[in-house]
Amino acid sequence: LKSLLHNTLIGNVFCFDSKYYRQITGTAMGTIMAPTYANAYLRALEEVAIDEQLNHSLVMMRRYIDDIFGLYDNSFGDFDEFRKTLSAIYKPLELTLESSDTSVDFLDITISINKLIGRLETKLYRKPTNNKQLIPAESNHPTHTLDNIISGELQRTIGLCSTAPQRFRQRANILHRAMRAGFDKTLVTKWRPRQKREAPVDHIPRVILTPSKLGNQ
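Residues numbered from 1 in each chain as written. Predicted model: local features only at pLDDT ≥ 70, side-chain atom pairs only at ≥ 80, totals over all residues. Heavy atoms only, no water.

Draft legend 1. Region of the structure containing the overall build of the protein. When helices and strands are tallied, the protein shows six helices and eight strands. Reading the secondary structure of the protein in the N-to-C direction produces α-β-β-α-β-β-α-β-β-β-α-α-α-β. Relative to its 217 residues, the protein shows a buried fraction of 26%. Of the contacts formed within the protein by residues at least 6 apart in sequence, a portion of 49% connects residues at least 24 apart. Within the structure as shown, the protein displays about 15,800 Å² of accessible surface, and the carbon and sulfur contribution to it stands at 56%. (Helix = DSSP H or I, 4+ residues; strand = E, 2+ residues; numbered from the N terminus. Buried < 20%, exposed > 50% of the residue type's maximum accessible area, 1.4 Å probe, protein only. Contact = heavy atoms within 4.5 Å. Areas by Shrake-Rupley, 256 points an atom, 1.4 Å probe, with all protein chains shown as cover.)

Below you can see the structure in the form of structure tokens.
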């Protein structure tokens, strides 16, 4: 197995402009095993460096592939030192860190601190380049496919928005986009998100959990 992995990683040959090249650094581009290999490498690095070396100010840290979210409970001055430590741990990878004491965007959610009630809140995040378009109702897709697009969007809203006002606002936005795409208003208002199904026992999520020194929950 090690020999197969070794050959896969060092034998990545590709053609560009009628010339052949062999990749000599980094994870082999285009290989199926590259994401799994990168995940395993980073987790092994985190177990040794982050779990054992970082101080108690790191309350929580979660990573999805190459996107990281963390909670740091200390001053911004101390955070600058933490930033340097983290960058050194992940070398030769380059980290782009964004910090805030109010809110940050992580994947497709905005995570904010509600200081009045002392808890984290989430809402749906869309990149500025997102044109918010849906497949037109007259598209030659099967009816169940068109229905499931809207139903899936509604389910996503329920899963990512932690407050009722945000869920209501996003639902209204989705239904407005659906009607703008030509869907019948009567049908649109009857749509409901699908019931959430339990994940199979052998399902392994691609979220890597890094427990802090405060506990493993």
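The structure having been displayed, the exposition proceeds.
Draft legend 2. Inspection of the nonpolar core at higher detail. By size, the foremost hydrophobic cluster in this structure holds ten residues: Leu42, Ile50, Leu58, Met61, Tyr72, Phe79, Phe82, Leu86, Ile89 and Tyr90. By residue number, the principal contributor to this core is helix H3 (residues 76–89), which donates four residues. The residues touching leucine 86, leaving out its near neighbours within four places in the chain, are Ile50, Leu95 and Leu97. Listed in part, the eight residues of the second largest apolar core include Leu134, Ile150, Leu154 and Ala178. (Core = buried A, V, L, I, M, F, W, Y, C linked by side-chain atoms within 4.5 Å.)

Draft legend 3. View of the environment of glycine 70. Note that glycine 70 resides in strand S4 (residues 67–72). The spacing of glycine 70 and valine 59 is eleven residues in sequence and 7.5 Å in space, taken between C-alpha atoms. Leave out the neighbours within four places in its chain, and glycine 70 touches Met60 and Met61.

Draft legend 4. Inspection of the pattern of salt bridges at higher detail. Within this structure, the stated rule accounts for five salt bridges. The closest approach of N and O atoms between glutamate 153 and arginine 126, which form a salt bridge, is 3.9 Å. Of the two residues, glutamate 153 is situated in helix H4 (residues 143–160) and arginine 126 in the loop between strand S7 (119–124) and H4; the sequence distance between them amounts to 27 residues. Take glutamate 153 and arginine 126: they sit in the same class, and that class is buried. Ionic pairing is found between arginine 177 and glutamate 153, a salt bridge with its closest N-O pair at 3.6 Å. Here glutamate 153 lies in helix H4 and arginine 177 lies in helix H5 (residues 164–180), a separation of 24 residues in the sequence. In this structure glutamate 153 comes out as buried when scored by relative accessible area, which is 17%. (Salt bridge = Lys/Arg side-chain N within 4 Å of Asp/Glu carboxyl O.)

Draft legend 5. The sheet that holds strand S6 (residues 109–114), seen in detail. In spatial order, the strands read S5-S6-S7; together these three strands make up an open sheet with antiparallel pairing. Sheet topology places strand S5 (103–106) and S7 at the edges, where each strand pairs with a single neighbour. Shown here is a sheet whose adjacent strand axes are inclined to one another by a mean of 25 degrees, direction ignored. Two strands pair when backbone bridges link them, and S6 and S7 are joined in this way by six bridges, in the antiparallel orientation. (Pairing = 2+ DSSP bridges. Axes fitted to C-alpha atoms, helices over the stretch in contact; angles between N-to-C directions.)

Draft legend 6. Spatial organisation of the packing of aromatic side chains. In this structure the tally under the stated criterion is two aromatic pairs. Their ring planes at 40 degrees and their centres at 5.8 Å tell us that phenylalanine 69 and phenylalanine 106 sit as a pair that is tilted. Of this pair, phenylalanine 69 sits in strand S4 while phenylalanine 106 sits in strand S5, and the two are 37 residues apart along the sequence. Judged on exposure class, the residue phenylalanine 69 and its partner phenylalanine 106 are both buried. (Phe/Tyr/Trp six-rings, centres within 6.5 Å; stacked < 30°, edge-to-face > 60°.)

Draft legend 7. Structural context of a nonpolar patch on the surface. Together, Phe14, Phe16, Tyr21 and Met29 make up an exposed nonpolar region whose accessible area comes to about 420 Å². Relative to the assigned elements, methionine 29 resides in the loop between strand S2 (19–22) and helix H2 (34–53). (Patch = residues over 30% accessible without salt bridge, like charges linked within 9 Å, V, L, I, M, F, W, Y side chains within 5 Å.)

Draft legend 8. Expanded view of the pairing of S5. Where S5 and S6 come together, four bridges link them in antiparallel fashion. The residue of S6 that forms the bridge with serine 103 is serine 112. Remark: two residues form the turn of the hairpin made by S5 and S6, two consecutive strands paired antiparallel; leucine 107 in that turn has positive phi of roughly 55 degrees.

Draft legend 9. Molecular detail of the side chain of glutamine 170. With respect to the helices and strands, the residue glutamine 170 is situated in helix H5. Other than its neighbours up to four places away in sequence, glutamine 170 contacts Leu124, Arg126, Thr157 and Cys161.

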